[in-house]
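Reading the structure
Residue-level listing of the chains:
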Number of protein chains: 2
Amino acid sequence: MSGDRLIYLPLGGAGEVGMNAYVFGYGPKGAERLILVDLGVTFPDMDTTPGVDLIFPDVAWLEANRDRLEAVFITHAHEDHVGALGHLYHRLGAPTVYARAFTGHIARLKMEERGRDPARVKIVEPLPDMVEAGPFRVGFLPVSHSIPESASMVIDTPAGRVVHTADFKIDVTPVVGEAFDAAAWEEAAKPGVQALICDSTNVFVSRPGRSEASLASEIETLVAESTGMVVATTFASNVARLKTLAEAGSRAGRSICLMGRAMRQMIEAAVQTGVLTDFPRTVSPEEAASIPRDNLMLLVTGSQGERRAASAQLARGKYQGIELKEGDTFLFSSKTIPGNERGVLRVINQLSEIGVDVIDDSTDRYHVSGHANRPDLERMHDIVKPRMVIPMHGEHRMLREHAKLARSRGYAAAIAPNGTMLDLTGEAPKVAEHVETGRTYLDGTAQIGALDGIVRDRIRMALNGHALVTLIIDEDGDPLGEPWCEIMGLPETGRSGALVESLEEDLAQFVGRAGRKVLADDDKLEEGLRRTVRNTAFNEIGKKPEVTVVISRLG
Amino acid sequence: MSGDRLIYLPLGGAGEVGMNAYVFGYGPKGAERLILVDLGVTFPDMDTTPGVDLIFPDVAWLEANRDRLEAVFITHAHEDHVGALGHLYHRLGAPTVYARAFTGHIARLKMEERGRDPARVKIVEPLPDMVEAGPFRVGFLPVSHSIPESASMVIDTPAGRVVHTADFKIDVTPVVGEAFDAAAWEEAAKPGVQALICDSTNVFVSRPGRSEASLASEIETLVAESTGMVVATTFASNVARLKTLAEAGSRAGRSICLMGRAMRQMIEAAVQTGVLTDFPRTVSPEEAASIPRDNLMLLVTGSQGERRAASAQLARGKYQGIELKEGDTFLFSSKTIPGNERGVLRVINQLSEIGVDVIDDSTDRYHVSGHANRPDLERMHDIVKPRMVIPMHGEHRMLREHAKLARSRGYAAAIAPNGTMLDLTGEAPKVAEHVETGRTYLDGTAQIGALDGIVRDRIRMALNGHALVTLIIDEDGDPLGEPWCEIMGLPETGRSGALVESLEEDLAQFVGRAGRKVLADDDKLEEGLRRTVRNTAFNEIGKKPEVTVVISRLG
């Protein structure tokens, strides 16, 4: 073992909720053999990433070291753990991807969608089976979460065992899938654990976590007491919740209709992989349209207020032949993710205008989190009894709080945001290196860097508007006519009348006064035209627009 | 009284939190004499109003009827009640504006800032004084809220008394300003009240409201136990909270420093108008920089994570010579307004990176709301005992819930979103008319309509990028050279290489193939060039950009 070391390097997920990607390495410094746990996405927002479709971790470091990458492991099928797999796989040197059956099913879809070979995803059984990957032996330890077949990773290395919880909660009655099995966890901890890499998202929630099963009776009561149509939304991947909702509807004598592609896909995956065996029979939207509304329950996508999802479309009017009416009930069996409040409130207020009774997430009666709350994190620490706790998956404030919590209870700990390479070999974690990390945007079909300036330009146009100036210079170097101006996203009228007229007047004046030296110099001419637009616009409308200048030289 | 009627018409605030503007009228149908209560703003967001500075109610209806407007009354000095006064005053025909002293002080500043005559704001004493305004007699009834000298309006009309609560809570120990005076309210209700126009913002909060005074001991304990610097943020206008915070700091032996223009302005206004008499002595930021950090407490603006406010600047680094360090404490003595979560979390995570301990709004121990919770709304209904309750100030879901609540307790009620004119004359409210309403944007110095398409174009550029095409057509109607293309906010590289090259190639092909008829027709030519850019871009990068085409015809 001489100079060999065990390293941990988060490329995504440590400093944010979402976009999980964690590298582990073992070997001589700078030549460690590597494995990657998860490769997820995060979602854009209008404030910082307008027009972007998806956000991936920047895997440049991993790409540069892909000859050292032994394998990829996917812990569960949430988008923030598997969503980037198909998009980034080709940059990683075709490693084998390991996952359990349900997760692997989704991972293969992700590969196929991007034209990658789905056969590169290998299905593995949980512990005691283990996969050899270079110096690592890796096992999938089932754990409860909000999607079927979630697993934590048990990673054996020559420097000891590492347990990577991935997302988890401690739930002994999870409705679908495996209950949290304390004995199996104690067994996994028995050999001694060098490091526990641990979910941090709910570290600020101080009450104990609640079981998925605790919702059934509340939801049943709600559905049974509702008149009119009942619509419920939750995350498409929360198969257990969908089952609870569907069973409540079924018992109340309602036909169940799934709306939204993602939801149908997840239920199909769960049925095909044997995870889900007794989901109530569903009807199609076409059939639903002819069922009396008090005999009908819709399960729909769009719990986060997404504009194109089923819930937003229903709130705006008719969707797939179904229309909500006064007296219907709409249940958010979900939590609003910070940042999505505006979209969710938009949907709720539109429903209110129709006269629909909305049960939102403020009651806490119809939703439980899939993540471990603070007391459950403490319990996890104490089951695994690691030498050190490394908080992962969470905003910086969560990582920091989790590290504090671990230290206060006698564990060594470190805050390691994305790009922080830790050496986990000794008594306590040490920062080994800082690696350049960041984000890659999927923009349409192009992948662009977060720092390329493209999205920054879009934000500037959105804030400031855009003015275009064209000027033709003839063969003799003289202006041919006057500069033209077009505006987009700017008020048409300024202090002294039409904005374009004011701009063109001042541009013409500038060109009229410009000497031959300026007229002959594209840079100077462009700069002068730009400055004129910005100054005149500021005087007229109090804004300095973005300016694009096109100078056409004839001959 | 024959055909005369009493009408109510919200132009803003009914269907949203913010932008309050309520019209009351009395007289013959269509010729009612009018008064306006409040004229506030709401704030833009990147999702729907990028680049906009402020949002006002559209007062076109009031402008068209300004010869009927008798007076304007401002209930309190919050931006969402007085912020649009200076911006819209000139459109209202120079009515007299009435307010109490502190509110009037701020209203005059708003008038001055926009070049209006501050002397048009008249200061009035609260009840029993009343102002005559056409058929109305209007009195200011003090009420507790989160800013000094808030008032409800008691509006006497030939059709009976109307009470417009404005924003309020029931607080008998408000720290600064007048306690809620139940006797005065009962007195006001005695003659019988035809309609109660009532704040709805907290109708979903089912616990009883808490007093401002209940915070003092919690805040004192927190400050006393803190080592390092203490920074607290709250709304600049919450003078009572600032006093509580400053006194806690003072008692812990700390010098108090106010940072942020809005905060200093509010404290000055409170001192000048006699509302605030015993605020602890403050030091300037320059003095503060030389005070040991554990003897210092900063009160700063930016509780909503605003990028340019003091709290965001401190979180990013140094501000006015002061720098936060590990071990300092940062208190959000405020609630995050829905929609502002991302900005607030950004600040909290930046503070976490510095090592600052953040006390956020999740504990509920260091902030109380200024609005009446559900039990306090019930109490207000029962004190005033009106014939009808008209919920105002709130999103649609809040108005709807408040109307339900009132009806369930035996009061007539109506949901009247912006633009809904109610006739309040009879036993129950009746919808009299729907008036065109909307929003006006302050964009730089220009006022633009929400539906003008300007902001829509900006959003499109932000989502899709912008491509510019220029083409010169010579005197003979032939293309002079090939079309040029520039892009902004678009990836530089597509499937087949540089995007601009692919675009220009296809544009040249289009022009080469275009017949003389197309070349001679600006509309057809422009349409063809635009379609070419959108198709080629979609093939190359999977996006269809906004396109501006400039065709220059020589001669």
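Bear in mind that the values here come from a model prediction, so they are computed numbers and not experimental data.

**Side note on the overall build of chain A**
When you go through chain A residue by residue, the secondary structure sums to 17 helices and 30 strands. When the backbone C-alpha atoms are referred to their principal axes, chain A occupies close to 85 × 75 × 45 Å. Once local pairs closer than 6 in sequence are excluded, the contacts in chain A between residues at least 24 apart make up 71%. When the accessible area of chain A is evaluated, it comes to approximately 21,000 Å², of which 47% is carbon and sulfur surface.

**Some details on the interface of chain A and chain B**
The interface is formed by 62 residues belonging to chain A together with 62 residues belonging to chain B. Buried surface at the junction of chain A and chain B, summed over both partners, amounts to about 5,500 Å²; 61% is from carbon and sulfur atoms. Looking only at chain A, the three residues that lose the most surface to chain B are A:M46, A:R342 and A:M488, adding up to 13% of its buried area. Counting across the interface, chain A meets chain B through 12 salt bridges. Counting across the interface, chain A meets chain B through 33 residue pairs in polar contact (both at pLDDT 80 or more).

**Points about the domain arrangement of chain A**
Partitioning chain A into domains gives domain 1 (4–207 + 369–449), domain 2 (212–363) and domain 3 (465–553). The distance between the C-alpha centroids of domain 2 of chain A and domain 3 of chain A comes to 55 Å.

**A few points about helix α4 (residues 101–113) of chain B**
Residues and elements named next belong to chain B. Compared with the 18 Å implied by 1.5 Å per residue over 13 residues, the 18 Å span of α4 between its first and last C-alpha is a close match. Buried positions along α4 lie against α2 (79–82), α3 (85–88), β7 (96–99), β8 (121–123) and α8 (261–272). Count one or two residues on from α4 and you reach G115, which has phi positive near 75°.

**Notes on the sheet that holds strand β25 (residues 446–449) of chain A**
Residues and elements named next belong to chain A. The antiparallel open sheet is built from three strands, whose spatial order is β5-β24-β25. Edge positions in the sheet fall to β5 (54–57) and β25, since each of these pairs with one other strand and no more. Going from strand to strand, the sheet's axes swing by 30° on average, the running direction of each strand aside. The pairing of β5 with strand β24 (residues 439–443) spans four bridges and is antiparallel. By the bridge assignment for β24, I55 is matched with Y441.

**Regarding the packing of aromatic side chains**
A ring pair, where both rings are aromatic, is described by two values, the distance of the centres and the angle of the planes. A full pass over the atoms with the stated rule returns 12 aromatic pairs over all chains. A ring pair is formed by A:F180 and A:W185, whose centres lie 5.7 Å apart and whose planes are at 20°; its orientation type is stacked. Neither residue differs from the other here; A:F180 and A:W185 are each classed as buried. Relative to B:Y22, the ring of B:Y8 lies with its centre 6.3 Å away and its plane at 10°, an arrangement referred to as stacked. With B:Y8 in strand β1 (residues 4–12) and B:Y22 in strand β3 (residues 21–28), the pair connects residues that are 14 residues apart, well separated along the chain. A relative accessible area of 0% places B:Y8 in the buried class.

**Quick word on the relation of the copies chain A and chain B**
The operation relating chain A to chain B is a screw motion whose rotation component is 180°, with 0.0 Å of axial translation and a residual RMSD of 0.1 Å. The symmetry that links the two subunits is that of a two-fold axis. Within chain A, the C-alpha atom positioned nearest to the axis of rotation is that of A:A462, 2.7 Å from it. Of the residues that chain A buries at the interface, 98% are likewise interface residues in chain B, meaning the two copies contact each other through the same surface.

**Structural notes on the UniProt feature "domain: Metallo-beta-lactamase" (unreviewed entry) in chain A**
Annotation from UniProt places "domain: Metallo-beta-lactamase" (unreviewed entry) at residues 18–219 of chain A. With 19% helix and 29% strand, residues 18–219 of chain A has its two end C-alpha atoms placed 29 Å apart.

**Examining the side chain of A:R5**
Residue and element names in this part refer to chain A. Position of R5 relative to the elements: it lies in strand β1 (residues 4–12). For R5, the side chain forms a polar contact with the side chain of E32, separated by 2.6 Å. When residues no more than four places from it in sequence are discounted, the contact partners of R5 are G25, Y26, G27, K29, G30, E32, M421, D423, T425, A432 and E433.

**Quick word on the packing of helix α15 (residues 499–513) of chain B against helix α17 (residues 522–541) of chain B**
When two helices pack together, their arrangement is given by the angle between the helix axes and the distance between those axes. Residue and element names in this part refer to chain B. Where α15 meets α17, the closest approach of the two axes is 9 Å, and the angle between their N-to-C directions is 140°. When the axis of α15 is compared with that of α17, the two are oblique. Handedness of the α15/α17 crossing: right-handed. Across the interface between the two elements, L499, S502, L503, D506, L507, F510 and V511 of α15 pack against L525, G528, L529, T532, V533, T536, A537, E540 and I541 of α17. Split by residue class, the contact of α15 with α17 holds 10 nonpolar, four polar and two charged.

**Focus on the packing of helix α4 (residues 101–113) of chain A against helix α8 (residues 261–272) of chain A**
Residue and element names in this part refer to chain A. Interhelical geometry of α4 versus α8 gives an angle of 130° and a closest axis separation of 9 Å. Judged by the angle between their axes, α4 and α8 are oblique. In the packing of α4 onto α8, the handedness of the crossing is right-handed. Here F102, H105, I106 and L109 of α4 come into contact with α8, specifically with Q265, M266, A269, A270 and Q272. Looking at side-chain class alone, the contact of α4 with α8 contains six nonpolar, three polar and no charged residues.

**Concerning the environment of A:V271**
Its location among the elements puts A:V271 in helix α8. Residues A:V271 and A:F102, spaced 169 residues apart in sequence, show a C-alpha to C-alpha distance of 9.4 Å.

**A closer look at the sheet that holds strand β9 (residues 131–133) of chain B**
Spatial ordering of the open sheet is given by β9-β10-β11-β12-β13-β20-β22 (chain B), a layout of seven strands whose pairing is mixed. Strand pairing shows two members of the sheet lacking a second neighbour, β9 and β22 (412–413) of chain B, which therefore form its edges.

**A look at unusual backbone geometry**
Residue A:L127 is joined to A:P128 through a cis peptide bond whose omega torsion reads 15°. Locating A:P128 in the fold gives a position in the loop between β8 (121–123) and β9 (131–133). At A:V175, a residue that is not glycine, the phi angle is positive and equals roughly 75°. Secondary-structure assignment places A:V175 in the loop between β12 (160–164) and α5 (182–189). We classify A:V175 as partly exposed; its relative accessible area is 33%. Phi at B:Q320 is positive, roughly 50°, even though this residue is not glycine. Within the secondary structure layout, B:Q320 lies in the loop between α10 (310–316) and β18 (329–332). The partly exposed category is assigned to B:Q320, whose relative accessible area is 37%.

**Section: helix α11 (residues 341–354) of chain B**
Residue and element names in this part refer to chain B. Its 14 residues place the ends of α11 20 Å apart at the C-alpha level, agreeing with the 20 Å of an ideal helix rising 1.5 Å per residue. Of all the 14 residues making up α11, 10 are buried; the element is thus mostly covered by neighbouring parts of the structure. Along α11, the residues that are buried comprise E341, R342, G343, V344, L345, V347, I348, N349, L351 and S352. At the exit of α11 stands G355, carrying a positive phi of roughly 100°.

**Regarding the pairing of strand β3 (residues 21–28) of chain A**
Residues and elements named next belong to chain A. With seven of eight residues buried, β3 is to be regarded as a mostly interior element. Two elements, β1 and β3, share eight bridges in a ladder whose sense is antiparallel. Counterpart to D4 in the pairing with β3 is P28. Pairing geometry for β3 and strand β4 (residues 33–37), over five bridges, is antiparallel. What sits directly across from Y26, in β4, is R33. Two successive antiparallel strands, β3 and β4, enclose a turn made up of four residues, where G30 displays a positive phi of approximately 80°.

**Observations concerning the pattern of salt bridges**
If you walk through the whole model with that rule in mind, you get 73 salt bridges over all chains. Note that A:R397 is salt-bridged to A:E395, the shortest N-O span being 2.6 Å. When sorted by exposure, A:R397 lands in the same class as A:E395, which is buried. A salt bridge links B:K524 to B:D521; the shortest N-O distance between them is 3.9 Å. Among the ionic contacts, a cluster of salt bridges with common partners joins A:D45, A:D47, A:R342, B:D45, B:D47 and B:R342.

**Describing the pairing of strand β26 (residues 466–473) of chain A**
All names here are of chain A. Of all eight residues that make up β26, eight are buried, and the element is covered over most of its length. Going residue by residue along β26, you find H466, L468, T470 and I472 tucked away on one face and A467, V469, L471 and I473 tucked away on the opposite face as well. Relative to strand β27 (residues 484–488), β26 runs antiparallel, the two being bridged by five bridges. Residue pairing in the sheet places L468 in a bridge with E486 of β27. Sheet topology places β26 next to strand β30 (residues 546–553); eight bridges connect them, and they run parallel. In the sheet register, I472 faces β30, and the bridge partner there is S552.

What counts and what doesn't
Residues numbered from 1 in each chain as written. Chains lettered and ligands numbered in written order. Predicted model: local features only at pLDDT ≥ 70, side-chain atom pairs only at ≥ 80, totals over all residues. Heavy atoms only, no water. Helix = DSSP H or I, 4+ residues; strand = E, 2+ residues; numbered from the N terminus. Contact = heavy atoms within 4.5 Å. Areas by Shrake-Rupley, 256 points an atom, 1.4 Å probe, with all protein chains shown as cover. Buried area = accessible area lost by both parts, 1.4 Å probe. Salt bridge = Lys/Arg side-chain N within 4 Å of Asp/Glu carboxyl O. Polar contact = N/O pair within 3.5 Å; in protein donor to acceptor, adjacent residues only side chain to side chain. Domains from an automatic or database assignment. Expected span 1.5 Å × (residues − 1). Pairing = 2+ DSSP bridges. Axes fitted to C-alpha atoms, helices over the stretch in contact; angles between N-to-C directions. Phe/Tyr/Trp six-rings, centres within 6.5 Å; stacked < 30°, edge-to-face > 60°. Buried < 20%, exposed > 50% of the residue type's maximum accessible area, 1.4 Å probe, protein only. Least-squares fit on C-alpha atoms with pLDDT ≥ 70 in both. UniProt positions renumbered as here; feature names shortened; annotations may be inferred. Parallel < 35°, antiparallel > 145°, perpendicular 65-115°, else oblique. Left-handed = near helix turned anticlockwise from the far one by under 90°. Nonpolar A, V, L, I, M, F, W, Y, C, P; charged D, E, K, R; others polar.

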